[in-house]
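A structural walkthrough
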Amino acid sequence: MARTAAMLLTLCLTAAALLLGQAVPAFAATSLNADGSSWAGPAIDQWRNDVNPMGIKINFSPSGSAAGRNQWAIGQNDFTASDVPFRTQPDTGVGAGGHEGGSGNVENPVYGYSYVPITAGGTAFMYNLTVAGKQVRDLRLSPKTIVEIFTRKITNWNDPRITADYGKALPSIPMIPIVRSDGSGATAQFTRWMQHTFQAEWEEYCRSINNVSCGDYTEFFPRTAQTKALNGSDVVANYIMGSAGEGTIGYDEYAFAKGSNWPVVKVLNPAGYYTLPTASNVAVALTAAKIRGVDDSTSPSDPNFLQQNLDGVYVNNDPRSYPVSSYSYLIVPRKDAALPPPPRFNDDKGSALSRFISYVLCAGQGKADELGYSPIPRNLVRGGILQTQHIPGNASTVDPNTLANCPNPTFTGEELTVLKNAPQPSPCDAKGAPLDCKVENGKPVTGGTTSGGSGTTGGAAAGGSGSGGAATGGAGAAGGAATGGSGSTGGAATTGGAGSTGKATTTKTPGSTGTGTTGGAATTGGAGTTGGTGGDAGTGGAAADPNAPAADDPNAAVDGTDDPAAEQVVDPQTGQVVARGRGSGTATEVAADVVEVAGRPEDWTLSTLTALELLAVVVVPPLLGRRLLRRRSQTGGRS
């Protein structure tokens, strides 16, 4: 009987929808055209697909930041993506010859615009070193040493300054820095960091090449005959990873190294820890970023209005912070600027663009880590949402004052969950810790073996209530890479699961490829994943961090007891125990707590719930749409 009633209710609701007529769409389908940053391209490509069901069609060409800014300047774009802002003064890093060829000159946009944060990441230092037939994967350097490498004060890998940072001497191998030959955002971010942290050393180098200062930053790296310059981030990465790349070191976006499972340098941060540009470490660093005109009194008439101020990022003393972190922009129309919006832009496009930005800064950031980026933290989200209010036709529904309806993974309400959940570095990553390090009773001690594996992987910036990192997976948190067993790199952990209690169970046999499993439930923060004991030639899963530990990981510590069965595997990034037992057999399983759901709901209950859902879907929108049309007709079309 009840089932029949539910079916009748469904039929009645369908009939009601037909009588009311087709639901009035909230927004008309709209197309937007854009060019710009090749680095932000993969993220924009994902996000534009995500918003297609909202009636927003985005045609984006990743032609590069400079090309995107040029297209904006001539009025061919609805928005553009750029790693750096418009050039308000000549870029002296290009040299006199470059200016004569048209490079590095002042850019003069003729349309009003705002800068909106969109993608974040760390400038990573890829390198290619082989010692005694084994790839070096655990290199760690101080910022001063990195600057001295790229200013050619260090020219060989056996330099004592590298030995002091790394913890042991490397062979005599000529060092070849790889830089960009084209103007690039990666160069701009790297040179700005050097200018603001080691100004004297960087200025001396710039003047020795171009006879002038490089200014606040340069998109064109001044290079010597001993520096190899290549065009494009992908070309730089591929050269370093190739057979000709032995002895090289270069700067690039972390996504290229992560996607290729290639090691990058751990950089010493102001708190005294060597860290990697993982999603969580970058997000933590960027909580100290400022936006001029939002977080200070910069006037809208100032050429630097809405540009990033990363000085606080460079000196962030959180132990997890990665110091060379930054973000890129969307350049979008602004209706109340001294210059007019582009003539091609209208309110319908503004509605679509503002809703796209709201998605990108909120829910879209949940995909940042898997795409090779870091999620934008709350301070930058607020600054970006504020700019949607100045887009002609703004239809963003996110309140910039509360961000209450913004499901960004780095915060909940006003709480910065990224600071609560991001994994802490291992004690073995502290400055002065021995290279052959293991953790005993929370302390770094000598006694591990140096096998070339670098202990890494913080997870993604965690959101919700769980913890990030390898040991614990919370709702919305991405676990770090699990420590690999004998002869293989650790498998990649995936996002912690949401729902009821439970712990992940992983068993790996020798010779298998390590893969991660889902983290525990939100309510108890169950155990994360355990990397398998792979075979001698095994590697971690496809999503594994490029710096995942190799066999005989020096950072996998015992718990201080004499019982071999009590030996623990410790995640080298978090210092947390992720498995017990590292014998020659299989890794010890972590028993799962299984929650059994007894019984099954009756079909008629599901039918009733379905009918109620249909009520909300087919009846409410047309009613609201008609009400809005009546209001508009009563007010003469005014909004």
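What comes next is a walk through the structure. In this text the structure is predicted, and so the values were computed from the model without any measurement.

A tally of helices and strands in the protein chain yields 17 helices and 19 strands. Counting across all 639 residues of the protein chain, residues that qualify as buried make up 53%. If you take every contact in the protein chain between residues at least 6 apart in sequence, the share linking residues at least 24 apart comes to 71%. A total of about 26000 Å² of accessible surface is found on the protein chain, and carbon and sulfur atoms cover 53% of it.

So, on to the sheet that holds strand β11 (residues 266-268). A sheet is described by the order of its strands in space; here three strands give the open sequence β7-β11-β12, paired in mixed fashion. The open sheet terminates on both sides in strands that have one partner only, identified here as β7 (140-141) and β12 (274-275). Two elements, β11 and β12, share two bridges in a ladder whose sense is antiparallel. Bridge assignment links Val-267 to a residue of β12, and that residue is Thr-275.

Take the pattern of salt bridges next. In this structure the tally under the stated criterion is 23 salt bridges. Where Glu-107 meets Arg-87, a salt bridge forms, and the shortest distance between an N and an O atom there is 3.8 Å. A residue pair is termed long-range when its members are at least 10 positions apart, and Glu-107 in the loop between α4 (95-100) and β4 (113-127) and Arg-87 in the loop between β3 (79-82) and α4 qualify at 20 residues. The salt bridge involving Glu-203 is made with Arg-207; its shortest N-O contact spans 3.5 Å. You can see Glu-203 and its partner Arg-207 sitting in helix α8 (residues 199-210), four residues apart, about one turn around the helix. Owing to a relative accessible area of 44%, Arg-207 belongs among the partly exposed residues under this scheme. In the salt-bridge network here, residues are joined through shared partners; they are Lys-144, Glu-148, Asp-159, Arg-161 and Glu-201.

Cysteine pairs can be linked by a disulfide, which is a covalent bond between their two sulfur atoms. Tallied over the full model, the rule gives three disulfides. Note that Cys-362 is cross-linked by a disulfide to Cys-406, the S-S spacing being 2.0 Å. Between Cys-362 and Cys-406 the disulfide shows an S-S torsion of about -105°. By sign, it is left-handed. With Cys-362 in the loop between α13 (347-361) and α14 (378-388) and Cys-406 in the loop between α14 and α15 (417-421), this pair connects stretches of sequence that are 44 residues apart.

Next up on the list: unusual backbone geometry. Despite not being glycine, Ala-132 shows a phi value in the positive range, around 55°. Overall, Ala-132 belongs to the exposed group, its relative accessible area being 79%. The backbone of Leu-403 shows a phi angle near 55°, a positive value even though the residue is not glycine. Tracing the backbone shows Leu-403 in the loop between α14 and α15.

For the rest of this paragraph, the subject is the packing of aromatic side chains. Here the structure, examined in full by the defined rule, presents 18 aromatic pairs. When the ring of Tyr-113 is compared with that of Tyr-115, the centres are 5.3 Å apart and the planes differ by 65°; the resulting orientation is edge-to-face. Judged by its relative accessible area of 2%, Tyr-115 falls in the buried class. Ring centres of Phe-190 and Phe-221 lie 6.4 Å apart, and the angle between their planes is 15°; this geometry places the pair in the stacked category. With Phe-190 in helix α7 (residues 185-197) and Phe-221 in the loop between α8 and β9 (228-230), this residue pair connects regions lying 31 residues apart in the sequence. You'll find Phe-190 and Phe-221 in the same group, each marked buried. For the cation-ring pair, Arg-378 lies above Phe-411, with the distance from its terminal atom to the ring centre recorded as 5.5 Å.

The subject of this paragraph is the packing of α13 against α14. Running from N to C, α13 and α14 cross one another at 170°; their axes reach a closest spacing of 10 Å. Here α14 runs roughly antiparallel to α13, going by the angle between their axes. From α13, Ser-354, Ile-357, Ser-358 and Leu-361 reach across to α14, where they touch Val-381, Gly-384, Ile-385 and Thr-388. For the contact of α13 with α14, the class distribution of residues is four nonpolar, four polar and no charged.

Below, the discussion takes up the nonpolar core. If you look at the biggest cluster of nonpolar residues, it comprises 90 residues, and the most contacted ones within it are Phe-125, Phe-150, Trp-157 and Leu-330. Per-element accounting of this core gives the leading share, seven residues, to α13. Beyond its immediate sequence surroundings of up to four residues, Leu-330 is in contact with Ile-44, Phe-79, Thr-80, Ala-81, Ser-114, Tyr-115, Val-116, Ile-118, Phe-356 and Ile-357. Counting residues in hydrophobic clusters, the runner-up holds twelve residues, among them Ile-178, Tyr-254, Trp-262 and Leu-276.

Attention shifts here to the environment of Gln-389. Looking at the secondary structure, you find Gln-389 in the loop between α14 and α15. Put simply, Gln-389 and Lys-335 are 54 residues apart on the chain and 9.3 Å apart in space, counted from C-alpha to C-alpha. Ignoring anything within four residues of it in the chain, the contact list for Gln-389 reads Lys-335, Asn-394 and Pro-400.

Scoring rules and cut-offs
Residues numbered from 1 in each chain as written. Predicted model: local features only at pLDDT ≥ 70, side-chain atom pairs only at ≥ 80, totals over all residues. Heavy atoms only, no water. Helix = DSSP H or I, 4+ residues; strand = E, 2+ residues; numbered from the N terminus. Buried < 20%, exposed > 50% of the residue type's maximum accessible area, 1.4 Å probe, protein only. Contact = heavy atoms within 4.5 Å. Areas by Shrake-Rupley, 256 points an atom, 1.4 Å probe, with all protein chains shown as cover. Pairing = 2+ DSSP bridges. Salt bridge = Lys/Arg side-chain N within 4 Å of Asp/Glu carboxyl O. Disulfide = S-S within 2.5 Å. Phe/Tyr/Trp six-rings, centres within 6.5 Å; stacked < 30°, edge-to-face > 60°. Lys NZ or Arg CZ within 6 Å of the ring centre and 35° of its normal. Axes fitted to C-alpha atoms, helices over the stretch in contact; angles between N-to-C directions. Parallel < 35°, antiparallel > 145°, perpendicular 65-115°, else oblique. Nonpolar A, V, L, I, M, F, W, Y, C, P; charged D, E, K, R; others polar. Core = buried A, V, L, I, M, F, W, Y, C linked by side-chain atoms within 4.5 Å.

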